[in-house]
Amino acid sequence: MQASQNTITIDGREIPFTAGQTIMDAALAAEVYIPHLCHYPGLPPSGNCRLCVVEIGNRSAAACITQAAAGQEIRNNTSELNAARKALTQMLFVEGNHICPSCEKTGNCKLQAMGYYLGMLEDHFPYFYQRRETDASHPDILLDRSRCILCDLCVRASREVDGKNVFAIAGRGTEAHLIVNSPTGKLADSTMETTDLAATICPVGAILIKEQGYRVPIGQRIYDQHTIRDIGLQEHATKKQEEK
Amino acid sequence: MTTEREINPRIRIATTSLAGCFGCHMSFLDMDERLAGLLEQVEFNRSPFTDIKHCGPCHIGLIEGGVCNAENVQVLREFRANCAILIAVGACAINGNVPALRNYFDLQDCLQEVYLTGIGVTNPQIPNDSELPLLLDKVYPVSEVVHIDYFLPGCPPSADEFLQILEPLLAGQKPVLSQSRLHYD
């Protein structure tokens, strides 16, 4: 198919884009879902979860950090890419402590919902069983690092939207971990509040608001009712609505 | 020649609970009246439902629970040796689940906390009767010990989900769990 000046094609479908737009934003605007965990509408992309990797011609690129360019022929929803995405999701599961039945986030967790979307029946890789520090010092917010997938959404939300810069990722490779920008390194001594975007943006159960546990019964939660595809498209549409 | 299937046309199923809570077995029984229909097609070999002590040759084995001690390993290997199709049922069998929360700690520290130094412990001693199976260093998913043919996630999987995996197998087809039924909790 010959694409016109300002369009790309994703899985054969022609999609318009505006100058400077990423492939992810152009796709979501056209209601084409590219699986993602670390992308959130309105926040600068970081390209670290790699779930949105698509094929552009002969090369692979993360859709959230790659600008759309006229004539790109992109493959997204293929069995090969979805198998790779499932393996990435399994790696995120085994690297942390993701015991869904004992986690308050179950049913509202994007990592879990991604597993459902990709048909993940088991973890495949051996669990790391890493012990990571829990910070329960804050009166209203719990930080359980063992569930953190290092998406850095809280880092970006705190810096870009809340204007507080509460979080950062320290260390490299398997040593990478979430740190708190306060004199003691504890959340209680930071400026974090429950009304911050950083307090609610966590896709997994690493940052939880206290005293809300199990208010919504298991079985009636977001991803008990909807797929992550539906919610991903909806988040984008809601953000566009707000901007108008 | 008369085949074995013609003499006894029923599919033999064995079930066991290793490091689990029997919740998956309870959920299996939630089939309620549908169990009557199922029992026309299947018979249970070793299972908490029958009290048969050892697994004989079976078409299907259902494993609930992870692997936490030497006896679990023995039972699991017996199931693998005797079952043509082995299914890991529930979160504990698939990834260790709640019993595997001890994997973040040293086994000796766990035993000391539970039997010697923990709050409210009376007559402190670590059990060491020779009848007791030895604990493994960690709780393992069953797939790390034997080959598993199918996985049925859930804590527990619902009765409908048990049927969704069993009915195709009874008809000689490959089961596929629908995406809308998939849940890990």
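Residues numbered from 1 in each chain as written. Chains lettered and ligands numbered in written order. Predicted model: local features only at pLDDT ≥ 70, side-chain atom pairs only at ≥ 80, totals over all residues.

A word on the overall build of chain A
Logical step 1: Across its full length, chain A holds seven helices and ten strands.
Logical step 2: Relative to its length of 244 residues, chain A is compact, with a C-alpha radius of gyration of 18 Å against a globular reference of 18 Å.
Logical step 3: Counting only C-alpha atoms, chain A reaches 60 × 40 × 35 Å along its principal axes.
Logical step 4: Residue burial in chain A is summarised as follows: out of 244 residues, 39% are buried.
Logical step 5: Here the analysis covers contacts within chain A between residues at least 6 apart in sequence; of these, 64% occur between residues at least 24 apart. (Helix = DSSP H or I, 4+ residues; strand = E, 2+ residues; numbered from the N terminus. Rg over C-alpha atoms; globule rule 2.2 N^0.38 Å. Buried ≥ 20, exposed ≤ 12 C-beta atoms within 10 Å, placed from the backbone. Contact = placed C-beta atoms within 7 Å.)

Quick look at the confidence of the model for chain B
Logical step 1: Within chain B, residue pLDDT values average 94, and 96% of them lie at 70 or more.
Logical step 2: Note on the complex model: pTM 0.94, ipTM 0.91. (pLDDT = per-residue confidence, 0-100.)

What about the domain arrangement of chain A?
Residue and element names in this part refer to chain A.
Logical step 1: Domain boundaries assigned for chain A yield domain 1 (7-78) and domain 2 (83-233).
Logical step 2: For domain 1 and domain 2, the distance between their C-alpha centroids amounts to 24 Å.
Logical step 3: For the side of domain 1 that touches domain 2, the residue count by class is ten nonpolar, three polar and two charged. (Domains from an automatic or database assignment. Nonpolar A, V, L, I, M, F, W, Y, C, P; charged D, E, K, R; others polar.)

Some details on the interface of chain A and chain B
Logical step 1: Of the residues lining the interface, 18 residues belong to chain A; the matching set on chain B comes to 19 residues.
Logical step 2: Taken together, the residues of the side of chain A that touches chain B sort by class into nine nonpolar, six polar and three charged.

What to know about the environment of Thr238(A)
All names here are of chain A.
Logical step 1: Note on placement: threonine 238 falls in helix 7 (residues 228-243).
Logical step 2: Given 12 C-beta atoms within a 10 Å radius, threonine 238 is considered exposed.
Logical step 3: In this structure, the C-alpha to C-alpha distance between threonine 238 and aspartate 135, residues 103 residues apart in sequence, is 32 Å.

Here's the deal with the sheet that holds strand 5 (residues 83-89) of chain B
Hydrogen bonds between backbone groups are what pair the strands of a sheet, and the pairing can be parallel or antiparallel.
All names here are of chain B.
Logical step 1: A sheet is described by the order of its strands in space; here five strands give the open sequence 2-1-3-5-7, paired in parallel fashion. Only two strands of the sheet have a single partner each, and these edge strands are strand 2 (42-44) and strand 7 (150-152). If you compare each strand with its neighbour and ignore which way they point, the axes differ by 25° on average.
Logical step 2: As paired elements, strand 3 (residues 58-64) and strand 5 share six bridges and run parallel to each other. Bridging from a neighbouring strand, isoleucine 63 pairs with alanine 88 of strand 5.
Logical step 3: Helix-sheet contacts for helix 4 (residues 70-82) involve strand 1 (11-17), strand 3 and strand 5, and the interaxial angle to strand 5 is about 135°. (Pairing = 2+ DSSP bridges. Axes fitted to C-alpha atoms, helices over the stretch in contact; angles between N-to-C directions.)

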